[in-house]
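Read off the chains here:
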Amino acid sequence: MRVLRAEAEFASVRKEIRVAYALWCVVGLIGGHRFYLGDTGRSIAMLFTLGGLGVWWLLDVFFVARRVRAVNRTRRAAIMARHGLIDA
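Residues numbered from 1 in each chain as written. Predicted model: local features only at pLDDT ≥ 70, side-chain atom pairs only at ≥ 80, totals over all residues. Heavy atoms only, no water.

Okay, the pattern of salt bridges next. For the structure shown, the criterion picks out six salt bridges. Salt-bridge contacts for Arg14 lead to Glu16; the nearest nitrogen and oxygen are separated by 2.8 Å. Given the relative accessible area of 41%, Arg14 is considered partly exposed. The class for Glu16 is partly exposed, based on a relative accessible area of 32%. Here Asp60 ties to Arg34 by a salt bridge, and the two come within 2.7 Å at their closest N and O atoms. Residue Asp60 is found in helix H5 (residues 55-82), and its partner Arg34 is found in helix H3 (residues 32-37); the two are separated by 26 residues along the sequence. The two residues Asp60 and Arg34 agree in class, both being buried. Among the charged side chains, a salt-bridge network with shared partners connects Arg34, Asp39, Asp60 and Arg67. (Salt bridge = Lys/Arg side-chain N within 4 Å of Asp/Glu carboxyl O. Buried < 20%, exposed > 50% of the residue type's maximum accessible area, 1.4 Å probe, protein only. Helix = DSSP H or I, 4+ residues; strand = E, 2+ residues; numbered from the N terminus.)

What follows is the structure, encoded as structure tokens:
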């Protein structure tokens, strides 16, 4: 039962790669995809520099999927630990 609760909690906070890329396309120059992933510091830097004059925005096309996976991995581990479960 604890596993199901933990999985349901993770499903509610899980980030989607497609959404992150959609945000990258639409509001990427001002760091919208970074705000979505919780990278507030980088988001604010992108906001005030217009994505590092487009350089950071362009490079993020290669790193968004990896960052989404890292955020999801960290969130899942934290939720499992909070429920007293070991994440495999």
